[in-house]
Amino acid sequence: MIRFLKEIKKGLKSPVYLLHSNEPYLLKEAVFEAKRTIPQAERDFLFYTFDREMPEGTIENVIDILYTVPFIEGRRVVTVENCNLLVEKELTVLGHYISKPSPSSVLIMLYQTEKGRFKKSHNGMFGSAQAISLDIREADIPLWIKEKASNIGITLSKEAVDYLIAVIGTDIGLLTSEIEKFSEIGKKTLERKDIEELIRGIGDYDAFDLFKAIHNKDSQSVFKIFKALSGIVEPQMLLGAINYQFTQSKDTEMAKKAFEILHETDIAIKSSGTSYPLEYMLTRLLKL
């Protein structure tokens, strides 16, 4: 995703892109980012999206749109989802287009992989299309956050990025939701205190406070903060934030034990559909 965001900043110079990921969310996010490259008033004329699973998502319809000269100035952006479902006949037709793409259009193909693997042979089916993986390694999340914010005209300091991850965790969906709120602050450059004020606007505490209380073995504060947060913060957000904090710990043995507890809690929450496992998790973390 980081590389695609950089391509957007450059103005989508390539005529054909092949974006792949095993995460449906990231593929949808790429379509959203591509759409945002076109001003709102011009999207009806310059942005088209197709889905191979839908009746209108035929390659013939896609290519007709790609070769049609736009009514207004600017390049048309056309996205096609579920390109992994294309059959040989469609790939042949698509290959002819890719060999001689329209200068007035950008084609963005979305390909969902299995188990995060995209074989080089897959790219061969799409000719000279520029292949980009959307998958984000946890180590690259800080850079992704900065690129994502930059695409909406906002610069984040390193301290702001670190704080955001410490409080929200590394869930891409949750982070995206928070980044979208940054435009409400009314500043082009954001420091930690700006992010802190935005997040604390929903209450007196945040996940960073909860981790500090756990680290200090302050059980009274832990459950006081948890009670304040439980009604306004999603359990997965708390898990992600606490998990990230432990990754920063110099005590690797304690961190390893914490990760096991967090993993077990994540499974328990998903299977029970309640947040009760969190209270048991907090008790266990306080004993580390």
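All chains use their own residue numbering, which begins from 1 and follows the written sequence. With the structure being a predicted model, the display of local features is reserved for residues of pLDDT at least 70 and the display and counting of side-chain atom pairs for 80 or more, all residues being used for whole-chain, interface and lining totals. In computing side-chain properties, one takes all heavy atoms of the structure into account and sets aside hydrogens as well as water.

**With respect to the environment of Val161**
Note the threshold: Numbering of helices and strands runs from the N terminus, with a helix taken as a DSSP run of H or I at least four residues long and a strand as a DSSP run of E at least two residues long. Only protein chains enter the accessibility calculation, which uses a 1.4 Å probe; a residue whose area is less than 20% of its type maximum is buried, one above 50% is exposed, and one in between is partly exposed. By definition, residues are in contact when any of their heavy atoms lie within 4.5 Å.
The residue Val161 is located in helix 8 (residues 158-168) in this model. Looking at Val161, the relative accessible area reads 2%, which means it is buried. Along the chain, Val161 and Glu178 lie 17 residues apart, while their C-alpha atoms are 12 Å from each other. When sequence neighbours within four positions are dropped, the list of residues in contact with Val161 reads Pro142, Ile145, Lys146 and Leu156.

**Thoughts on the environment of Leu134**
Among the structural elements, Leu134 can be located in the loop between strand 5 (130-133) and helix 7 (141-150). On a C-alpha basis, the gap between Leu134 and Ile232 in space is 30 Å, while along the polypeptide they are 98 residues apart.

**Re the pattern of salt bridges**
Formally: Counted as salt bridges are all cases of a side-chain nitrogen of Lys or Arg within 4 Å of a carboxyl oxygen of Asp or Glu.
Counted by the stated rule, this structure contains 17 salt bridges. Note that Lys9 and Glu147 form a salt bridge whose closest N and O atoms lie 3.8 Å from each other. Residue Lys9 is found in helix 1 (residues 2-10), and its partner Glu147 is found in helix 7; the two are separated by 138 residues along the sequence. Linking Glu196 and Arg192 is a salt bridge whose minimum nitrogen-to-oxygen distance equals 3.6 Å. Highlighted residues: Glu196 and Arg192, both in helix 10 (residues 192-199), separated by four residues, approximately one helical turn. Residue class for Glu196 comes out partly exposed when judged on its relative accessible area of 21%. Assessed through its relative accessible area of 31%, Arg192 is described here as partly exposed.

**A short note on the confidence of the model for the chain**
Heads up, the rule is: Each residue carries a pLDDT score, the predictor's confidence in it, ranging from 0 to 100.
This prediction gives the chain a mean pLDDT of 88; 94% of its residues lie at or above 70. Between the elements of the chain, mean pLDDT differs from a low of 54, seen in helix 6 (residues 120-124), to a high of 96, seen in strand 3 (residues 76-81).

**Topic: the nonpolar core**
Using the following cut-off: For this analysis, a nonpolar core means a set of buried residues of the types Ala, Val, Leu, Ile, Met, Phe, Trp, Tyr and Cys, connected via side-chain atoms within 4.5 Å.
Ranked by size, the top nonpolar core spans 72 residues in total, and within it Phe4, Ile108, Trp144, Ile145, Leu156 and Leu210 carry the most contacts. With eight residues, helix 8 is the single largest residue contributor to this core. Setting aside anything within four residues of it in sequence, one finds Trp144 in contact with Met1, Ile2, Leu5, Ile136, Ile172, Leu175, Thr176 and Ile179. Within the second largest apolar cluster, 21 residues are counted, among which are Val62, Ile63, Val80 and Ala129.

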